[in-house]
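Fold and contact review
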Amino acid sequence: MKTKSSLLLLLAFVLISFNINAQDVDAQDFEGASCTSIMVGKKASTDGSVITSHTCDGMYRTWVRWEQAQDYEKGSTQKSYRGTMHTKDAYDSKGLKEVGEIPQASHTYAYLNTAYPCLNEKQLAIGETTFSGPDTLVNPDGLFMIEDLERIALQRCDNARDAINLIAELIAEYGYGDGGECITIADTEEVWCMEIMGEGKKKIGGIWAAQRVPDDEVSVSANIPRIKYLNREDPDNFLCSDNIEKVAKKHGLWDGESEFIWYKVFGNDYSNGKNFREREWFILNSLAPSLGLSMDDPDLPFSVKPEENVDVRKVMELLRSTYEGTELDVTRNIKMINRKGDTIVSPIANPWMGGNDINTYNFIAPETVKSQRTVSVSWCSYSFVTQLRSWMPDEIGGICWFGVENPGQSPRIPIFTGSTKLPSYFNECGHGNYNEETILWRYRKANKLAQIQWGYSKNIMMDNILRYEEKAMKEIPALEKEVEALLKDNKKEEAQQLLNRYTADFEAATAQTWKEMEENFWERFWVNF
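Figured I'd write up the structure that's included with this text. (Residues numbered from 1 in each chain as written. Predicted model: local features only at pLDDT ≥ 70, side-chain atom pairs only at ≥ 80, totals over all residues. Heavy atoms only, no water.)

A short note on unusual backbone geometry
The phi angle at Ser132 is positive, at roughly 70°, despite the residue not being glycine. The phi angle at Asn272 is positive, at roughly 55°, despite the residue not being glycine.

Okay, structure coming up:
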């Protein structure tokens, strides 16, 4: 038995490693298409929550931990580094490069340290998507990469507007060194889409625009600038730097006379001159079908009013999207005749096929498969949906629904703003080596095996995903009441321990189920794949 188990493990490792490497190469076909963020205003949600989200699509670190609040003496400084998104663990300094420092705040808030830092103890949350923008605007001498700005904002701010203003001040004084980035900044009252670029090589500073999502609407950012007009006359809903037109004209991006449209002036090759592609269209059209939005439209609205209010589970569903049943479904032409004589989509077709699979199908029958950038992808490192609630104490008001690996296959683990510690499986990145003690590998094996016969395994996996969503929705209200009672009795430490324990127990339960699915799939595929 021991020999058989070792052989199965070796086969799994070889198979999964091959699949991952293939998909990393295939991801290059979608250059610039590496993240998705959905934003929901408080009146567009079912319960008054403000929501933002992020799929971190690419090979970024998967270790996560809570960084605790701290007090600092006057004169302290905060260092800035390059390379923080690719470390093995919190103590790994290999590949890090110190690039500068700024004065430290006297007090910093606790925050959830993901590759792109995402949530703090005050219910401030930040999602991210890259849109790159014109290369001529990138200044590698600027101090801050986008992940630095997210981290500092979460450490020092308790609301979205203050975060935007702080980021703007830091960019102006120390310089922005990254490519074009969008960060989706949310608090308990509002959510903003902030798009940032540099001013040009050797130029310390940057340009930025931030648009507020209306309370009763939903917006999406997916690697394309989404803002259209610079509505400076409406500071309640729009903020921006005062140098935008000057920078655009200086670099030949705008002639100074034609209508200034942000997404056209600073667009990328991926956008094809528009402010949307498949993901934006699919998500907005799913929420507001009566608008008749079309892929042929010259542009799409920045946000839409959903025909039905949206909860966190709807956002999770949208982040799982592969366009199944639509003209964009990559599996729709991969057919076979089953034993009953019916023509069906083949069970070996899956929406995350690698380039070798696609090229093989198209060699046999040209144009069988047309590649699409689905919302969920197999090269995702982690993703989250954050839910922020003004009517609850901060300790339980914010929930980060966190998942690793493919958002279309992995469960969501609730992490609370009042948490202080995560299970040990979160301590180390899972990329680069096989390690069952990391959070990534507790789900990756079942996910990759499931793709081999997705037509068979999909319902099994989806049933478990939805079962755990339902479990959390039923259990968490009672947990919140218990935590709130402890907080009223000044038992904050007990409340924190309770939240830590719930997250650990929930993760353990989902990991056990994914382990059981992995074993089920191996048994299912014992004859062939």
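What follows continues from the structure just given.
Quick word on the sheet that holds strand β21 (residues 413-416)
How we decide: Pairing between strands is defined by DSSP: at least two bridges between them are needed. In DSSP terms, a helix is any run of H or I states spanning at least four residues, a strand is any run of E spanning at least two, and both are numbered starting from the N terminus. Throughout, a contact is declared for two residues whenever any of their heavy atoms are within 4.5 Å. A fitted line through C-alpha atoms serves as each axis, taken over the contacting stretch for helices, and the angle formed by two N-to-C directions is quoted from 0 to 180°.
The antiparallel open sheet is built from seven strands, whose spatial order is β16-β14-β1-β2-β19-β20-β21. The outermost strands of the open sheet, each flanked by one partner alone, are β16 (303-304) and β21. Here strand β14 (residues 218-221) runs beside β16; their pairing, made up of two bridges, is antiparallel. Of the residues in β16, the one forming a bridge with Ser219 is Ser303. Here helix α7 (residues 312-319) sits on the sheet and contacts β1 (35-40), β2 (50-57), β19 (380-388) and β20 (398-404); the angle it forms with β19, its principal contact strand, is near 160°.

Section: helix α10 (residues 441-452)
Heads up, the condition is: By this rule, a helix spans an expected 1.5 Å times one less than how many residues it contains. Buried means the residue's accessible area, taken with a 1.4 Å probe over protein chains only, is under 20% of the maximum for its type, while exposed means over 50%, and partly exposed covers the values in between.
Helix length check: α10 (12 residues) gives 18 Å between terminal C-alpha atoms against 16 Å at 1.5 Å per residue, within 8%. Counting buried positions over the 12 residues of α10 gives 12, a clear majority of the element. Every buried residue belonging to α10 is among Trp441, Arg442, Tyr443, Arg444, Lys445, Ala446, Asn447, Lys448, Leu449, Ala450, Gln451 and Ile452, and all of these are buried.

Some remarks on the packing of aromatic side chains
This is how the line gets drawn: Two rings from Phe, Tyr or Trp (for Trp, the six-membered ring) form a pair when their centres are within 6.5 Å of each other. A pair whose planes differ by under 30 degrees is stacked, one over 60 is edge-to-face, and the rest are tilted. Note on geometry: a ring has a charge over it if NZ (lysine) or CZ (arginine) is within 6 Å of the ring centre and within 35 degrees of the ring normal.
In the structure shown here, the tally under the stated rule is 16 aromatic pairs. With 5.6 Å between their ring centres and 20° between their planes, Tyr382 and Phe402 make a pair best called stacked. Highlighted residues: Tyr382 in strand β19 and Phe402 in strand β20, separated in sequence by 20 residues. Judged by its relative accessible area of 1%, Tyr382 is buried. A relative accessible area of 0% means that Phe402 is categorised as buried. Ring pairing ties together the aromatic residues Trp254, Phe260, Trp262 and Phe266, which thus form one cluster. The side chain of Arg61 reaches across the aromatic face of Trp63, ending 3.7 Å from its centre.

Some thoughts on the packing of helix α2 (residues 146-156) against helix α3 (residues 160-174)
What counts is decided by this rule: For classification purposes, angles smaller than 35 degrees are called roughly parallel, those larger than 145 roughly antiparallel, those between 65 and 115 roughly perpendicular, and all remaining angles oblique. By definition, turning the near helix anticlockwise from the far helix through less than a right angle yields a left-handed crossing, and turning it clockwise yields a right-handed one. Following the grouping adopted for this structure description, the nonpolar residues are Ala, Val, Leu, Ile, Met, Phe, Trp, Tyr, Cys and Pro, the charged ones are Asp, Glu, Lys and Arg, and the polar ones are all others, Gly among them.
Their axes nearest at 10 Å, the elements α2 and α3 cross at an angle of 130°. Here α2 is positioned oblique relative to α3, judged by the angle of their axes. The crossing of α2 and α3 is right-handed. Residues Leu149, Ile152, Ala153 and Arg156 of α2 form the contact with α3, whose own contacting residues are Ala163, Leu166, Ile167, Leu170 and Ile171. For the contact of α2 with α3, the class distribution of residues is eight nonpolar, no polar and one charged.

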